[in-house]
Amino acid sequence: MSDLDQLTQSLARNLKRWRGERGFTLDALATRAGVSRGMIIQIEQARTNPSVGTTVKLADALGISISTLLDHEQSAQVRVMTAEQSVRMWSTAAGSHATLLVGTDKRGPLELWTWLLMPGDTSLSDPHPPGSTELLRVTAGELTLVVDGTPHAVPAGASASFEADVPHAYRNDGHQPVELTMAVAIAPVR
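If you're wondering where the values come from, they're calculated on a predicted model, not measured in any experiment.

Trainee: Would you take a moment to explain helix H2 (residues 26-33) for this structure?
Mentor: The α-helix advances 3.6 residues per turn, and as a result positions three or four apart in sequence lie on the same side. Residues of H2 that are buried include every one of Leu26, Leu29, Ala30 and Ala33, and no others. Down the axis of H2, the sector holding all buried residues measures 100 degrees, keeping them to one side. Glycine 34 occupies a position one or two residues after H2 and carries a positive phi of about 70 degrees.

Have a look at this one:
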């Protein structure tokens, strides 16, 4: 079984489990997440590999981290995640990519990511639940961070934080790759 097949099976199993634990019907989760009922059925039956945006919406609606949705070990006091256990969640033909390094659900979902954005590439993100925050540090290039329609230049060596409950995007308007590390704190489901 390929890594993608294992990921699809794990996502199917965990989505169904967490939906049941939360007591959400298919329709209730579809409404909360803004994802079609049909898409949720396909994911739970392991018939599709959803986009990172869809996966984020489902995790947010369930009040869990993406790493929990993807079946990472959550119970150990200390977890060491090898590079092979990291999950590439988004990529483009130009070579841009976002990788989920590690996450936890203790005290609300918290995720650590590393990103590479090639020149001209953009990644769009839907709003997270109210109270969610993102922190990032650019280590190479200059990121154009767009929050609720307003662009902000974040050069190498600089950091930024913002409330992530509005539409936001990460854009590389420059001529060199942008490298950054990001932490995402998702507000717990109420």
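Trainee: How should the sheet that holds strand E6 (residues 142-147) be read in this particular structure?
Mentor: Within a sheet, adjacent strands bond to each other through the backbone by hydrogen bonds, running parallel or antiparallel. Taken in spatial order, the four strands line up as E4-E9-E6-E7 in an open sheet, and their pairing is antiparallel. Lying at the two open borders of the sheet, with one neighbouring strand each, are strand E4 (122-125) and strand E7 (150-155). Averaged over all pairs of adjacent strands, the angle between strand axes in this sheet comes to 20 degrees, irrespective of strand direction. Sheet topology places E6 next to E7; six bridges connect them, and they run antiparallel. Across the sheet, glutamate 142 pairs through a bridge with proline 155, a residue of E7.

Trainee: Would you mind showing me how to read unusual backbone geometry here?
Mentor: Peptide bonds are mostly trans, and most non-glycine residues show a negative phi. Positive phi values are uncommon outside glycine, yet alanine 46 reaches one of about 55 degrees. Assignment of secondary structure puts alanine 46 in the loop between helix H3 (37-44) and helix H4 (52-62).

Trainee: So what exactly am I meant to see when it comes to the packing of aromatic side chains here?
Mentor: Between two aromatic rings, the relevant description is the distance of the centres plus the angle of the planes. Applying the stated criterion across every chain yields a total of three aromatic pairs. Between the aromatic rings of tryptophan 90 and tryptophan 115, the centroid separation amounts to 5.4 Å while the plane-to-plane angle is 40 degrees, which identifies the pairing as tilted. Of this pair, tryptophan 90 sits in strand E1 (residues 87-91) while tryptophan 115 sits in strand E3 (residues 110-117), and the two are 25 residues apart along the sequence. The exposure class of tryptophan 115 is buried, given its relative accessible area of 9%. Taken together, a centroid distance of 6.4 Å and an interplanar angle of 40 degrees make the contact between tryptophan 113 and tryptophan 115 tilted. There is no split in this pair, since tryptophan 113 and tryptophan 115 are both buried. Through a chain of ring-to-ring contacts, the aromatic side chains of Trp90, Trp113, Trp115 and Tyr170 assemble into a single cluster.

Rules used in this analysis
- Residues numbered from 1 in each chain as written.
- Predicted model: local features only at pLDDT ≥ 70, side-chain atom pairs only at ≥ 80, totals over all residues.
- Heavy atoms only, no water.
- Buried < 20%, exposed > 50% of the residue type's maximum accessible area, 1.4 Å probe, protein only.
- Helix = DSSP H or I, 4+ residues; strand = E, 2+ residues; numbered from the N terminus.
- Arc of directions from axis to C-beta.
- Pairing = 2+ DSSP bridges.
- Axes fitted to C-alpha atoms, helices over the stretch in contact; angles between N-to-C directions.
- Phe/Tyr/Trp six-rings, centres within 6.5 Å; stacked < 30°, edge-to-face > 60°.

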